[in-house]
Amino acid sequence: MKLTEIPGVFKDKNKIFTENPKSCKGIKVYNERLVKYKGKVFRSWNPYRSKLATAILNGLSIKINPNSNVLYLGAATGTTVSHISDILKEGLVYSVESSPLAVKKLIQVCEKRKNIIPILEDANHPDRYSLIVPIVDIVYQDISQRNQAEIFIENIKRYLKKNGFGIIMVKARSIDVSLEPKKAFDLVCSKLEGSGFKILNKINLNPYEKDHAAIMISL
Amino acid sequence: MYLITKWFGIFLCDKESIIDKILFSKDVKVISKKIIKTQQNEILTEEKKIVKNVKDVIVNETRLKKLGEYKPSNTFFKKFKIKADEFDFSKELLHKATLLATKINVDKKLESEDLQIIQMVNTLDDFIQTSNLLYERLESWSMLPTPKEKIQPLKNAYSTINNEIKSLEIQIENDMVRIAPNITNIIGPLIGARLISHSSGIIKLATMPASTIQVLGAEKALFRYKKEGGKPPKHGVIFQHSLINKTPKEIRGKIARTFATKIAIAAKADVFTKRDISKELKDSLNKRVKEIKNQ
């Protein structure tokens with residue numbers, strides 16, 4: 001088990017892990033593997049279940065530290081959120097999700113993890129959660145919607161601090177089924193650049209996720 | 001003056017500093033109530049109080065439009081930071097309050113009646129499928145010379161499921177008449193319920209364009225058309241209505257389109273105005289159908 005260049009993310013052979021906090025002893029979030037190593041417990045981070053794990057395995061480097069605050073759009077049932085919660089120690093992850101059934105499962109994850117703030121709202125309307133969410137270091141978005149780029153842009157404009165960064169997981173087929181994936185990614189990139197963002201990195205999520213890409217931007 | 005509402009209090013600021021503030025009490029229940037209220041688009045009494053006799057208020061939430069000028073892209077809101085720990089509000093308090101508020105919000109959303117309708121109509125379709133399966137089995141088994149007691153369990157199951165289908169249909173009809181009277185009058189309770197199921201909620205159905213409603217349930221054909229070309233589908237679940245599936249093929253598309261437009265209006269009436277306009281809709285639908293048939 002070795003520390004990767006991302007603080008809080010560990011690597012063993014071809015798999016990546018995050019450290020399970022003591023408050024969640026023996027608890028699995030999505031039936032992942034728990035591995036003991038030198039007295040600590042690590043949770044394996046499945047790239048087939050979490051697009052962020054895929055992106056990291058494919059070479060995405062993120063500047064996250066234990067004090068970062070993260071705005072997570074499209075939290076779903078909390079698979080990826082739980083790993084971000086492992087990485088953060090002091091920071092909070094504000095998890096926005098609009099489906100009540102998904103949030104019901106997310107709440108179970110939140111009960112044990114005190115640094116996840118659950119929010120049942122539609123990310124189309126960022127002003128509806130300005131009461132809870134402050135200016136953050138990282139905005140992460142995984143929403144498979146046709147207007148996902150627009151949602152991302154609105155949230156970045158409102159919540160991302162000046163030297164922070166944003167990550168968007170683009171699903172080509174929800175942008176436009178009739179477009180080639182590459183063209184759909186370019187369309188999103190041009191939209192992001194049109195809003196004045198700098199594109200830092202673009203990573204294809206093959207072979208774990210078909211027709212997906214992770215795009216990292218800064219202001 | 002800028003009005004900023006945070007989970008721990010309300011702040012009135014000028015360009016440099018906080019001029020006035022009202023802090024909430026450090027109680028999980030109180031804070032979660034405030035969060036829920038704002039999520040229901042309500043203005044808090046504290047917010048009204050703090051802007052009283054204050055001129056030129058600038059806000060950055062659509063909820064607060066009544067209290068001041070709405071300027072979401074004003075850079076002040078991003079630059080000026082009000083931190084919870086400076087006022088002795090802890091992260092634990094935020095976690096507990098949002099958890100409680102979200103739990104209440106989730107339960108409220110899951111209580112909505114259209115979710116029950118979706119489950120009922122999906123169960124009905126499962127039952128119908130099972131009933132057909134049992135009927136086939138019964139047919140092939142009764143061809144053989146079989147003793148009565150051997151085939152009896154299958155017969156029992158078949159009749160039970162048919163009774164359940166009937167009672168479920170009545171239940172769906174009762175619920176649909178209550179929640180969606182206009183849709184029910186136009187297209188019937190069962191097809192109406194299936195439309196709600198396909199759009200995953202009556203509010204979503206009400207915000208859909210008629211062209212989408214027309215092909216709800218024909219997603220496979222629609223996306224095949226979008227990807228590979230060919231012919232687009234003319235109708236989805238609304239095909240089950242006898243006015244569509246009993247008319248000649250050439251005019252089915254036109255009638256399906258007319259139906260879809262009326263359903264779109266009916267859904268909006270059911271969700272937003274809650275008026276019963278089904279008679280007018282039905283009259284204009286029949287008139288248009290006649291026109292199409294006489295062309």
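S.K.: Which residues make up the overall build of chain A, and what values go with them?
M.R.: Along its length, chain A carries 6 helices and 12 strands. Its C-alpha radius of gyration of 17 Å places chain A within 12% of the 17 Å reference for a compact globule of 219 residues. Each principal axis of the C-alpha atoms in chain A carries an extent, and together these give about 50 × 40 × 35 Å. The burial tally for chain A puts 56% of its 219 residues in the buried class. Seen as two clouds, the 35 positive and the 21 negative side-chain charges of chain A have centres 7 Å apart.

S.K.: So, a positive patch on the surface: which residues are in play, and what are the values?
M.R.: Residues and elements named next belong to chain B. Among the surface-exposed residues, Lys29, Lys33, Lys37, Lys48 and Lys66 lie close enough to one another that they form a single positively charged patch. Ranked by residues supplied to the positive patch, first place goes to helix 1 (residues 28-39) with 3 residues. For Lys66, the position within the fold is in the loop between strand 4 (58-59) and strand 5 (69-70).

S.K.: I'd love a proper account of the interface of chain B and chain A, names of residues and values included.
M.R.: Taken together, the contact pairs 29 residues of chain B with 36 residues of chain A. Buried area between chain B and chain A, both sides added, is near 2800 Å², and the carbon and sulfur share of it is 61%. The shortest N-O distance in the salt bridge between Glu90 of chain A and Lys91 of chain B comes to 3.4 Å. Elements with a contribution of two residues or more to the side of chain B that touches chain A: strand 1 (2-6), helix 1, helix 4 (91-110) and helix 11 (219-228) of chain B. Ranked by the residues each element gives to the side of chain B that touches chain A, the list is headed by helix 4 of chain B, at 12 residues. Classifying every residue of the side of chain B that touches chain A gives 9 nonpolar, 9 polar and 11 charged.

S.K.: Account for the packing of aromatic side chains, naming residues and giving values.
M.R.: All names here are of chain B. Evaluation of the coordinates by the stated rule reveals 15 aromatic pairs over all chains. Taking the centre distance of 3.8 Å and the plane angle of 15 degrees together, the rings of Tyr2 and Phe76 count as stacked. Of the two residues, Tyr2 sits in strand 1 while Phe76 sits in helix 3 (residues 76-79), which places them 74 residues apart along the sequence. For the pair Tyr2 and Phe76, one class covers both residues: buried. Each ring, one from Phe76 and one from Phe77, has its centre 6.0 Å from the other, and the planes form 75 degrees; the classification is edge-to-face. Residue classification places Phe76 among the buried residues on the basis of a relative accessible area of 8%. Of note, Lys26 hangs over the ring of Phe89, and the distance from its end group to the ring centre comes to 5.0 Å.

S.K.: So what's going on with the state of the cysteines? Which residues, and what values?
M.R.: Residues and elements named next belong to chain A. Using the criterion set out here, one finds 0 disulfides over all chains in the structure. For Cys110, which is in no disulfide, the shortest distance to another cysteine sulfur is to Cys24 and amounts to 11 Å. Under the relative-accessibility criterion, Cys110 is labelled buried at 0%.

S.K.: Give me the lowdown on the packing of helix 13 (residues 249-273) of chain B against helix 14 (residues 278-294) of chain B, citing residues and values where you can.
M.R.: All names here are of chain B. Interhelical geometry of helix 13 versus helix 14 gives an angle of 165 degrees and a closest axis separation of 10 Å. On the basis of the axis angle, helix 13 is roughly antiparallel to helix 14. With respect to the hand of their crossing, helix 13 and helix 14 are arranged in right-handed fashion. Between helix 13 and helix 14, the residues in contact are Ile251, Lys254, Ile255, Thr258, Phe259, Lys262, Ile265 and Ala266 and Leu281, Ser284, Leu285, Arg288, Val289, Ile292 and Lys293, respectively. Residues that form the contact of helix 13 with helix 14 fall into these classes: 9 nonpolar, 2 polar and 4 charged.

S.K.: How would you summarise the pattern of salt bridges if you had to cite specific residues and measurements?
M.R.: Within this structure, the stated rule accounts for 21 salt bridges over all chains. Lys279 of chain B is paired through a salt bridge with Asp283 of chain B; the nearest N and O atoms lie 3.7 Å apart. Residue Lys279 of chain B and its partner Asp283 of chain B are both found in helix 14; the two are separated by 4 residues, about one turn of the helix. Residue classification places Lys279 of chain B among the exposed positions, given a relative accessible area of 60%. On the basis of relative accessible area, Asp283 of chain B is assigned to the partly exposed category, the value being 44%. Here Arg288 of chain B ties to Glu291 of chain B by a salt bridge, and the two come within 3.0 Å at their closest N and O atoms. Placement of both Arg288 of chain B and Glu291 of chain B in helix 14 is noted, with a separation of 3 residues, approximately one turn of the helix. Through salt bridges with shared partners, a single ionic network connects Glu32, Arg43, Asp86 and Arg113 of chain A.

S.K.: Can you lay out helix 14 of chain B for me, pointing to particular residues and giving the numbers?
M.R.: Residue and element names in this part refer to chain B. Counted at 1.5 Å a residue, the expected span for helix 14 with its 17 residues is 24 Å, and the 24 Å between its end C-alpha atoms agrees. Those residues of helix 14 that fall on the buried side of the exposure criterion are Ser278, Leu281, Leu285, Val289 and Ile292. The arc that holds every buried residue of helix 14, seen down its axis, measures 65 degrees, which confines them to one face. Along helix 14, exposed side chains directed more than 90 degrees from the buried face belong to Lys279, Glu280, Lys287, Lys290 and Asn294.

S.K.: Tell me what's going on with the sheet that holds strand 5 (residues 40-44) of chain A, and back it up with residues and numbers.
M.R.: All names here are of chain A. Ordered by their spatial adjacency, 5 strands build an open sheet running 1-2-3-5-4, and the pairing between neighbours is antiparallel. In this open sheet, the two strands that pair with only one neighbour each are strand 1 (2-3) and strand 4 (34-37). With 3 bridges connecting them, strand 3 (residues 15-19) and strand 5 associate as antiparallel partners. Bridge pairing in strand 5 links Thr18 to Arg43.

Cut-off values and rules
- Residues numbered from 1 in each chain as written.
- Chains lettered and ligands numbered in written order.
- Predicted model: local features only at pLDDT ≥ 70, side-chain atom pairs only at ≥ 80, totals over all residues.
- Heavy atoms only, no water.
- Helix = DSSP H or I, 4+ residues; strand = E, 2+ residues; numbered from the N terminus.
- Rg over C-alpha atoms; globule rule 2.2 N^0.38 Å.
- Buried < 20%, exposed > 50% of the residue type's maximum accessible area, 1.4 Å probe, protein only.
- Lys, Arg positive; Asp, Glu negative; His and termini not counted.
- Charge placed at Lys NZ, Arg CZ, Asp CG, Glu CD.
- Patch = residues over 30% accessible without salt bridge, like charges linked within 9 Å, V, L, I, M, F, W, Y side chains within 5 Å.
- Areas by Shrake-Rupley, 256 points an atom, 1.4 Å probe, with all protein chains shown as cover.
- Salt bridge = Lys/Arg side-chain N within 4 Å of Asp/Glu carboxyl O.
- Contact = heavy atoms within 4.5 Å.
- Buried area = accessible area lost by both parts, 1.4 Å probe.
- Nonpolar A, V, L, I, M, F, W, Y, C, P; charged D, E, K, R; others polar.
- Phe/Tyr/Trp six-rings, centres within 6.5 Å; stacked < 30°, edge-to-face > 60°.
- Lys NZ or Arg CZ within 6 Å of the ring centre and 35° of its normal.
- Disulfide = S-S within 2.5 Å.
- Axes fitted to C-alpha atoms, helices over the stretch in contact; angles between N-to-C directions.
- Parallel < 35°, antiparallel > 145°, perpendicular 65-115°, else oblique.
- Left-handed = near helix turned anticlockwise from the far one by under 90°.
- Expected span 1.5 Å × (residues − 1).
- Arc of directions from axis to C-beta.
- Pairing = 2+ DSSP bridges.

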